[in-house]
Amino acid sequence: MNNLWVTPEGAWGDGSVHLTPAGCILVAVLIGLLLLAAAFIRQRHTAKKAALTTKQLVFSAAAIAIAVVCSMIKLFEMPMGGSVTMFSMLFIVIIAYWYGSYVGIMTAIAYGLVQFVMEPIFYTLPQMLLDYPIAFGALGLAGFFHNKKFGLQTGYVVGVLGRFVFSTLSGVVFFASYAPAGMHPLVYSMGYQASYLVPEALVTLILISIKPVSSALARVKAQAVE
């Protein structure tokens, strides 16, 4: 044990690493520093327009907060991580759809790091990066469909697919030993990730395609981007 992490019997009895409170505080500080650094770099490369407006910052922070709350409402939870939540990914995708890829990816990465701090269990640093800031950050890919027709639906599918790809890659690289005998690790990982991502994605797509819901989202978007 040291000041930042401890290796107990692990969440699944396999010696996984748990952050201590001091480790969680350090990660939180690093999140803030990374976001400030990214905003500064973006600002320097943007001559006439601010990289992140106050309104974008407020809406992004609110979306992260709502997504975190919704992620705690788990309709179904897998034994080794991953769950069907109450539309948690949607709120991050919405920010990307409203403000574009840069703000969307930054918000999604921040959300992934917040998720890690909430349940700070990992095996290796590469695995942690792949499962949290990178996999969740892929939700921000929805921003490439910013202001496109059916952009929210298309962006949501692409964002979730991106998270699926990186989570599957993590499963193949770091959790191959959990695959049942005779099953290829890739098949096992794809099935595992799809078991919770696909149900939530399908229900969410149905929800945002309902006319009253889509109309309400359009009205909120008008206020968010004006």
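A. The arrangement of the pattern of salt bridges in detail. As enumerated under the stated definition, the model contains one salt bridge in all. Glu77 serves as the salt-bridge partner of Lys74, at 3.3 Å between the closest nitrogen and oxygen. The class for Lys74 is partly exposed, based on a relative accessible area of 37%.

B. Highlighting the packing of helix 7 (residues 185-209) against helix 8 (residues 211-225). Interaxial distance between helix 7 and helix 8 falls to 5 Å at its minimum, and their mutual angle equals 75°. One finds that helix 7 runs roughly perpendicular with respect to helix 8. In this structure, helix 7 contributes Leu207, Ile208 and Ser209 to the contact, and helix 8 contributes Lys211, Val213, Ser214 and Leu217. For the contact of helix 7 with helix 8, the per-class residue count stands at four nonpolar, two polar and one charged.

C. Highlighting the side chain of Gln115. Its location among the elements puts Gln115 in helix 4 (residues 101-118). When near neighbours in sequence (up to four residues on either side) are disregarded, Gln115 contacts Val68, Ser71, Tyr132 and Phe136.

D. Focus on the packing of aromatic side chains. Under the counting rule described, the total for this entry stands at nine aromatic pairs. Aromatic ring contacts, followed pair by pair, group Tyr111, Phe116, Tyr132 and Phe136 into a single cluster.

E. Quick look at the layout of surface pockets. The volume enclosed by the largest pocket comes to roughly 820 Å³. Lining the largest pocket are 38 residues, and of these Met80, Gly81, Gly82, Glu119 and Tyr132 sit closest to its centre. Broken down by class, the residue content of the lining of the largest pocket amounts to 19 nonpolar, 13 polar and six charged.

Analysis parameters
Residues numbered from 1 in each chain as written. Predicted model: local features only at pLDDT ≥ 70, side-chain atom pairs only at ≥ 80, totals over all residues. Heavy atoms only, no water. Salt bridge = Lys/Arg side-chain N within 4 Å of Asp/Glu carboxyl O. Buried < 20%, exposed > 50% of the residue type's maximum accessible area, 1.4 Å probe, protein only. Axes fitted to C-alpha atoms, helices over the stretch in contact; angles between N-to-C directions. Helix = DSSP H or I, 4+ residues; strand = E, 2+ residues; numbered from the N terminus. Parallel < 35°, antiparallel > 145°, perpendicular 65-115°, else oblique. Contact = heavy atoms within 4.5 Å. Nonpolar A, V, L, I, M, F, W, Y, C, P; charged D, E, K, R; others polar. Phe/Tyr/Trp six-rings, centres within 6.5 Å; stacked < 30°, edge-to-face > 60°. 1 Å grid on protein atoms, 1.4 Å probe; cavity = no way out; pocket = protein on both sides within 12 Å on 5 of 7 lines; lining within 4 Å. Points joined across faces, edges and corners; volume = space filled by probe spheres on them.

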